[in-house]
Amino acid sequence: MYLPLFFSEGGVFGLSTKVVKTKSESLSKSKEFQKFKLALEGAKRVLVSTHALPDGDGLGAEAALCHYLKRARKACRVYNPDPLPKRYKFLDPKGNMLLGPGEVELWDTCDLWVIVDTNDPRRLGKLWAELSLRAKKIVFLDHHQELTSVPEVVYPPHALLVVDPDSSSIGESLYHLFSELNLTKINKDVALGLYVSVMTDTNSFRYSRTTALAHQIAGEMIELGVNPEEIYQAIYSSKEVSHLKLLGHMLQNVKVGANAKVAWLEMDLELRKKHQASADDTQSFLNLLLLLKDSEVVCFFREEDDGSVRVSLKSKGKIPISKVAMEFGGGGHEFAAGVALNMPLDRTVEALIKRIDALIDSYEKFGK
Ligand SMILES: [Mn+2]
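What this report covers is the structure whose coordinates are included nearby. Just so you know, the residues in each chain are numbered from 1, in the order the chain's sequence is written. Where local features are concerned, this predicted model is filtered to residues with pLDDT of at least 70; where side-chain atom pairs are given and counted, the filter is 80 or more; whole-chain, interface and lining totals use all residues. The side-chain quantities take in all heavy atoms of the structure and omit both hydrogens and water.

## Describing the coordination of the manganese ion
Only nitrogen, oxygen and sulfur atoms count as donors, using a 2.8 Å cut-off from the metal that widens to 3.2 Å for Na, K and Ca. Water is left out, so coordination shells may look unfilled. Those donors, Asp-57 (OD), Asp-117 (OD), His-143 (NE2) and Asp-201 (OD), are the protein atoms that reach the manganese ion, and they lie 2.0 to 2.4 Å from it. Every donor residue of the manganese ion comes from the same chain, spaced as D-x59-D-x25-H-x57-D. Linking Asp-117 in the loop between β4 (110–116) and α3 (126–131) with His-143 in the loop between β5 (135–142) and β6 (159–163), this pair joins segments that are 26 residues apart in sequence. The pair Asp-117 / His-143 is uniform in exposure class, with both members buried. Every helix listed is a DSSP run of H or I at least four residues long, and every strand listed is a run of E at least two residues long, numbered separately from the N terminus. Throughout this description, buried means an accessible area under 20% of the type-specific maximum (1.4 Å probe, protein chains only), exposed means over 50%, and partly exposed covers the range between.

See the structure below:
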């Protein structure tokens, strides 16, 4: 079974290779967003969701979209498969917008269900079965690769994919979309969501997929009143002592293979319970392995309550690892992907590391 992952803070360190958009590229982007515009036409009630284990990209985008639609006089509700992580509370200080299971008063039907930051219905958990038939139309607004080769993923006829793969974040996609829709102006509330989305999904403008536009959007949102320091502090300086102790333990037990080309961390259920670590708490650990000089690929294995194991994979940018994730039933970006497996932790580690070793070997010998 494939479970929600936490690769969305993923990406790679390196220089931006973004080039200025050609006319035809922006035209095709505009065409993609026209599909959204059509789906929104006449819609009065809009429901918005993001993937399980929501991250700053999904949550920021939801907040931005919801404020935008409300300003355009549409009723909008957010319903997520998981509750809002504490550190993102500032996006919804009143606690009445970014809601999770049991917190939402649901409509019997809605005109449009917008799902941001994934195009995989499986990452919505129970919500998919609960809501997909209650929505008259469904739009997946995403910047990940389309799941064309996954037989288990079948979209109903009233679902539509709006995919914008060259955007660094959903915030960046929304920025384009809002200018295409032109229903209302971006105010400070919308700006906050867009800024959070862009900032978190580029790992504070460090990943290779960081675009010139990402910086431009950030600049514009700051001009609209967003305070970068406040946001950074809320998201990244909000941990308890127990978190640092757990981190210490994790780093003590880092493992490496393939001549140090691959490094990984393992977290079993007992350890996670002992330190009361939330999924959100553990997301940042993997990034620290990117500090290693020789590691090309880094992984994080996390045992879940139901005994399955969630795996996050990241590559520094030479070796694409989404292929490996897909082989095991997962997916993601080229250099940041994930998968969940119903196998014991030790066997999951063994299987994945063996495959990654072979991949690294093949890249070293044949360059692919
Ligand atoms: Mn994203």
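The rest of the description comes next.
## Here we look at the side chain of Ser-322
Along the polypeptide, Ser-322 turns up in helix α12 (residues 322–327). Classification of Ser-322 by relative accessible area gives buried; the value is 8%. When residues no more than four places from it in sequence are discounted, the contact partners of Ser-322 are Gln-145, Gly-332, His-333, Glu-334 and Ala-337. Working rule for contacts: check all heavy atoms of both residues, and any pair within 4.5 Å makes them a contact.

## Let's talk about the packing of aromatic side chains
Both the distance between ring centres and the angle between the ring planes are used here to describe each pair of aromatic rings. The rule is short: rings of Phe, Tyr and Trp, with Trp giving its six-membered ring, pair when the centres are within 6.5 Å, and they are stacked under 30 degrees, edge-to-face over 60, tilted in between. Scanning the entire structure with this criterion turns up six aromatic pairs. Taking the centre distance of 3.8 Å and the plane angle of 5° together, the rings of Tyr-68 and Phe-178 count as stacked. Placement of Tyr-68 in helix α2 (residues 56–71) and of Phe-178 in helix α4 (residues 170–181) is noted, with a sequence separation of 110 residues between them. Just as Tyr-68 is buried, Phe-178 falls in that class too. Both rings, one in Phe-140 and one in Tyr-155, keep their centres 5.5 Å apart while their planes meet at 70°; by these two values the pair is edge-to-face. On the criterion of sequence distance, the pair formed by Phe-140 in strand β5 and Tyr-155 in the loop between β5 and β6 is long-range, its members being 15 residues apart. By the ring-pair criterion, three or more aromatic residues cluster together here, those being Trp-113, Trp-128, Phe-140 and Tyr-155.

## Considering the sheet that holds strand β11 (residues 331–333)
Across the sheet, which stays open at both edges, the six strands sit in the order β7-β8-β9-β10-β12-β11 with mixed pairing between neighbours. Two strands in the sheet have a free side with no partner beyond their single neighbour: β7 (255–257) and β11. Taken over all neighbouring pairs, the strand axes of this sheet differ in orientation by 20° on average, direction set aside. Sheet analysis places strand β9 (residues 297–303) next to strand β10 (residues 309–315), joined by seven bridges and oriented antiparallel. Directly across from Glu-303, in β10, lies its bridge partner Val-309. Here, any two strands with at least 2 DSSP bridges between them count as paired. Angles run from 0 to 180 degrees between N-to-C directions of axes, and those axes are lines fitted to C-alpha atoms, restricted for helices to the stretch in contact.

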